[in-house]
Structure formats: C-alpha cells, structure tokens
Amino acid sequence: MPEGDTVWHTAAELRQHLAGRTLTRCDIRVPRFATVDLTGQVVDEVLSRGKHLFIRVGPASIHSHLKMDGSWRVGNRPVRVDHRARIILEAGEIRAVGIDLGVLEVLDRFHDDAAVAHLGPDLLGEDWDAAIAAANLVADPDRPLAEALLDQRVMAGIGNVYCNELCFVSGRLPTAPAGALADPRRLVARARDMLWANRFRWKRCTTGDTRSGRELWVYGRAGQSCRRCGSRIHHDNTAERVRYWCPTCQR
C-alpha cells in the first residue's frame, strides 16, 4: 500500500535512473495529456512531497499520485508494459512505466508546488516541523485520532498502515479524540521515526523486528494475538478505511 515512505523510495529510484538524462520517448496514456511529448528534454530532478511525486523535465513537471494501487517501475529495458500503463518514459536503455496511477498530470514546473500547497509538514521532507504537525494534530480536539492522522493537511505521508500502527503505539483507539493525547509532539516524532526508518524498504516494519510475519503491531492482524499483551486484535472494515486495534492496550 503506497504511503509516504513508498513514494519517497520510488522517487529515489526514478532519480537514480533518470536524473540528468535526455528523454528518448514520452508516451502519456491519459487523454487530456496524450499529445504532450517531452522527448528531447532533460530530466532535471525527481522529488516527492508526502504521497505526491514530481518528475521535472524541461519546462514541465509530471505530477503523479499512486493512490491505492499505483506504482512506478524503472530499470533497463525491457520493463514490462501492459494495459495498466498510464505513462512510459525512456532515456536510452532506461525505461520508467507508471502503472494504475491515481493521478497523472503535466504541470508548469515553475508552479507545480500549487498542487501540494494544502499539505501539512512532510514527514520525509526538508520542511518537516514537528511543532507545527503536533499543533495541527490536536487543532480539533474532538476529531477522531485516526481521521486526524490520515488528513494530509495535518502532516503529509501517513496512510492507513501507519495510522493503525501509530494509534497502537499511542495507546489510543482509532476512534479516540485527538485531544486525548497526553503528548502529541511525541506521537508525531514516532510518525517521523517510522517513515524515516522505512524509506529505503519496500516492505515496511514498525516493530523493529524485520522477520517475516513480525513486522507490524496490529495492521492486518485481525484475530491474532497482540504482541504486547496477548489479547485478540480486533478490526472494523465497515468504514472507508479498515481499522485494527488491541482492546487491552488501546483505550
């Protein structure tokens, strides 16, 4: 599931393969931008902002958001291309393919920051500010904690996996009011630590134990024993986002 760490890692991979190279192919398979051809332009930089990714090429910025199922694949040709491809970029022997991207658009590179101006501090960005993120988190004290954590205007990069894991380490239910946090600054620091530790991994770990099946505290573990107290992990999939929690460790 793409979250801020996955997007950061994806940007790093694209940067490694494309930055400084001249595009020899640009095939955009989104009707609105199908006539855009950046062939002959140099890829200047690739960067992430929360869950958003930007490939700056000449005067343009290719903006993508992975949403739930999107991904970028990059490497020496041939990199597989099928009906799910939304964009194909090539620079000599290098091919990058954007697959099932939730958002794909071509922006003016000098104004592409407008697309992410609404975001809170980026957990993996140079603009990270724990004090602002903590204040944002409890700005509406009656708001459910999980809802606040998932709001990218609070801080950018948290998805549902980290949301559930952070609720667990905070000792609060996902439905508990954000204002009930004793130390919001500590929780946003934990959020930063989690994403930072996983920025080079495709398979994330929040427990500190990278052995298979032991990487997460509660996410995806419905009916299994809590790693701390042994209680059965509960879950609720009736809402837009599935929730997991320990009924003993969280309140």
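Residues numbered from 1 in each chain as written. Predicted model: local features only at pLDDT ≥ 70, side-chain atom pairs only at ≥ 80, totals over all residues. Heavy atoms only, no water.

A.B. asks: So what exactly am I meant to see when it comes to the pattern of salt bridges here?
C.D. replies: Pairing between side chains of opposite charge can happen when the charged atoms of each approach one another. Evaluation of the coordinates by the stated rule reveals 21 salt bridges. Here Arg204 ties to Asp5 by a salt bridge, and the two come within 3.1 Å at their closest N and O atoms. Here Asp5 lies in helix H1 (residues 4–18) and Arg204 lies in the loop between helix H5 (184–197) and strand E9 (234–236), a separation of 199 residues in the sequence. Note on accessibility: Arg204 and Asp5 belong to one class, buried. Ionic pairing is found between Asp27 and Arg29, a salt bridge with its closest N-O pair at 3.1 Å. Judged by relative accessible area, Arg29 falls into the partly exposed class, the value being 38%. Because the salt bridges share partners, they merge into one network encompassing Arg25, Asp27, Arg29, Arg77, Glu90 and Arg95. (Salt bridge = Lys/Arg side-chain N within 4 Å of Asp/Glu carboxyl O. Helix = DSSP H or I, 4+ residues; strand = E, 2+ residues; numbered from the N terminus. Buried < 20%, exposed > 50% of the residue type's maximum accessible area, 1.4 Å probe, protein only.)

A.B. asks: Even after reading the chapter, I still don't get the sheet that holds strand E1 (residues 25–28), so can you show me in this structure?
C.D. replies: Sheet strands associate in pairs through backbone hydrogen bonding, adopting either a parallel or an antiparallel arrangement. Ordered in space as E1-E6-E7-E5, the four strands form an open sheet in which the pairing is antiparallel. At either margin of the open sheet sits one strand with a lone partner, and together these are E1 and strand E5 (71–76). For this sheet, the mean inter-axis angle between neighbouring strands, taken without regard to orientation, is 10°. In the sheet, E1 pairs with strand E6 (residues 85–91) via four bridges, with the strands oriented antiparallel. Bridge assignment links Asp27 to a residue of E6, and that residue is Ile88. (Pairing = 2+ DSSP bridges. Axes fitted to C-alpha atoms, helices over the stretch in contact; angles between N-to-C directions.)

A.B. asks: I tried to follow the environment of Arg228 on my own but got confused; where do I start?
C.D. replies: By the element assignment, Arg228 lies in the loop between H5 and E9. Distance from Arg228 to Trp217, taken between C-alpha atoms, is 8.7 Å for residues eleven residues apart in sequence. When near neighbours in sequence (up to four residues on either side) are disregarded, Arg228 contacts Phe168, Trp217 and Cys249. (Contact = heavy atoms within 4.5 Å.)

A.B. asks: Could you clarify how one ought to interpret the environment of Phe54 in this entry?
C.D. replies: Structurally, the position occupied by Phe54 is in strand E3 (residues 52–57). Residue class for Phe54 comes out buried when judged on its relative accessible area of 3%. Each C-alpha atom of the pair Phe54 and Pro78 lies 23 Å from the other, and the pair is 24 residues apart in sequence.

A.B. asks: Explain the sheet that holds strand E4 (residues 60–65) here, please?
C.D. replies: Read from one edge of the open sheet, four strands run E2-E3-E4-E8, paired in antiparallel fashion. Looking along the sheet, the strands with just one partner apiece sit at the ends: strand E2 (43–49) and strand E8 (103–108). Averaged over all pairs of adjacent strands, the angle between strand axes in this sheet comes to 20°, irrespective of strand direction. Relative to E8, E4 runs antiparallel, the two being bridged by six bridges. By the bridge assignment, Ile62 is partnered in E8 with Val106.

A.B. asks: Which parts of the structure should I look at to understand the packing of aromatic side chains?
C.D. replies: Any two aromatic rings considered together are summarised by their centre-to-centre distance and by the angle between their planes. For the coordinates displayed, the defined rule picks out three aromatic pairs. For the ring pair Trp8 and Phe200, a centre distance of 5.2 Å and an interplane angle of 80° mean the geometry is edge-to-face. Here Trp8, found in helix H1, pairs with Phe200, found in the loop between H5 and E9; they are 192 residues apart in sequence, far enough to count as distant. Its relative accessible area of 19% is what places Trp8 among the buried residues. You can call Phe200 exposed: its relative accessible area is 55%. Seen from their ring centres, Phe168 and Trp217 are 5.3 Å apart, and the 25° between their planes marks the pair as stacked. Remark: Trp217 occurs in the loop between H5 and E9 and Phe168 occurs in helix H4 (residues 160–170); sequence separation between them is 49 residues. Among the residues examined, Phe168 registers a relative accessible area of 0% and is labelled buried. (Phe/Tyr/Trp six-rings, centres within 6.5 Å; stacked < 30°, edge-to-face > 60°.)

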